[in-house]
Structures are given as structure tokens and as C-alpha cells.
Amino acid sequence: MRSSRRWLTCALLVAGVASCDGGPARIQRPTLGQPLANVSLEDTRGNAVAIADLAGQPALVNLWATWCPPCREETPFLQSLHERLSPRGLQVVGITVDNAAARSAVDAFLAENGVEYLQLVDPKGVSMDLYGVIGLPATFLIDAEGIVRFARLGPVTESDPEFERALTQVLDG
């Protein structure tokens, strides 16, 4: 129950912040069975990475922020997925939507939690606007062709049978 309240708080906070500027010019909400819209961001080392670059392997794309308690709670599970399933081809990609001033907090959080999977930096929230995300975390599981096979607003957990089924499907192709 406590986690549900935290998730709701994050969702309401983000929804309130997102609505202040009149909303995004183009929203391409991820739809099951459709490609995940492309966005190009920098990784934590400053290299440009586009979602389209993930083609050829299944990927889990997770939007998160350090100020979001459910995001922080979900991170160890995502790291374990990376460790367990990257040998089978799964790419785990985090997209932090923390603002630019929080970059040191992002780096500290990743180091503290031993996060080794790819992290993209989105201080302007372009990905949230593009994907119509109104709360964090948000997770999209895409197959090797870039097709969305699972979408979740809220944390994914290891005890979620829907997530596990989708994960098995994208890995087994």
C-alpha cells in the first residue's frame, strides 16, 4: 500500500509539472504492436544514442528519476534483469528525466546501486512528452524489431506474471 501511494504521488507530481507548459506538440503514446517512437538522447558519457539504435535485439526501456521512490525501488530489479538476461540479448536502457542540476545525484544513485545498464539523460523530459508519460516509472518492452510488446506506467516487479510472459516472448522471439 505504501508503494502504491508513493507511485500515485510521483504520477500526480509529474502530471502537474507536465501540464504547466501546455503539453507536448506531438505525443506518440506507445501502443502494443506498434514501433516505439524514436528519440535520440545522450548517454551518461555524452554519446548520442537513439532508440532506433536498439533494433536487432529486444530491449526494456525504463523512464525514471532519482526523486521518484518507486523508481528507486525498481532499480535493483532492473539491474538483476540486465545481469541475468543481457547474455540472452536483452538490452536494458534507463532514461533519467532528472533535470540538468540533478546530474550529480543521478551519477551518485547509479554508482550506489551498481547500475551497469545503459543510461540515457533526458533533462528536458523529451521522452516523457513523446511517449505521453504522465507518471514515473514507465517501462516499455520492445522486441528485436522495435515493436512494443509490453507497456507499464508504474513499477515492474519480478512477481508480475504479465511482465514475465512478455519478457519470455520477446526473448524467445
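To keep things clear, this report deals only with the structure shown in the data block. (Residues numbered from 1 in each chain as written. Predicted model: local features only at pLDDT ≥ 70, side-chain atom pairs only at ≥ 80, totals over all residues. Heavy atoms only, no water.)

1. Observations regarding the sheet that holds strand β7 (residues 148-153)
- Sheet architecture is open: seven strands sit in the order β2-β1-β5-β4-β3-β6-β7, paired in mixed fashion. Across the chains shown, the open sheet's two edge strands, defined by having one partner strand only, are β2 (48-50) and β7. Strand-to-strand twist in this sheet, taken as the mean axis angle between neighbours without regard to direction, amounts to 30°.
- One ladder, built from two bridges, connects strand β1 (residues 40-43) with strand β5 (residues 118-121); its direction is antiparallel. Each residue of the ladder has a partner; that of Asp43, found in β5, is Leu120.
- Lying over the sheet, helix α2 (residues 69-85) contacts β3 (59-64), β4 (91-96) and β6 (138-142), oriented at roughly 160° with respect to β3.
- Along the sheet face, helix α3 (residues 103-112) touches β3, β4 and β5 and points at about 130° away from the line of β3. (Pairing = 2+ DSSP bridges. Helix = DSSP H or I, 4+ residues; strand = E, 2+ residues; numbered from the N terminus. Axes fitted to C-alpha atoms, helices over the stretch in contact; angles between N-to-C directions. Contact = heavy atoms within 4.5 Å.)

2. With respect to the packing of aromatic side chains
- Going through the model one piece at a time under the given rule, you end up with four aromatic pairs.
- Arranged with centres 5.4 Å apart and planes meeting at 40°, the rings of Trp64 and Phe109 form a pair that is tilted. Within this pair, whereas Trp64 is found in strand β3, its partner Phe109 is found in helix α3, the two being separated by 45 residues in sequence.
- When the centroid spacing of 6.0 Å and the interplanar angle of 70° are considered together, the rings of Phe77 and Phe163 count as edge-to-face. With Phe77 in helix α2 and Phe163 in helix α5 (residues 161-172), the pair connects residues that are 86 residues apart, well separated along the chain. Per residue, the accessibility class of Phe77 equals that of Phe163, and both read buried. (Phe/Tyr/Trp six-rings, centres within 6.5 Å; stacked < 30°, edge-to-face > 60°. Buried < 20%, exposed > 50% of the residue type's maximum accessible area, 1.4 Å probe, protein only.)

3. Side note on the packing of α2 against α5
- Interhelical geometry of α2 versus α5 gives an angle of 30° and a closest axis separation of 14 Å. Taken together, the axis directions place α2 and α5 in an arrangement best described as roughly parallel. Classified by chirality, the crossing of α5 by α2 is right-handed. Contacts between α2 and α5 involve Phe77, Leu81 and Leu85 from the former and Phe163, Glu164, Leu167 and Leu171 from the latter.
- Of the residues in the contact of α2 with α5, the class split is six nonpolar, no polar and one charged. (Parallel < 35°, antiparallel > 145°, perpendicular 65-115°, else oblique. Left-handed = near helix turned anticlockwise from the far one by under 90°. Nonpolar A, V, L, I, M, F, W, Y, C, P; charged D, E, K, R; others polar.)

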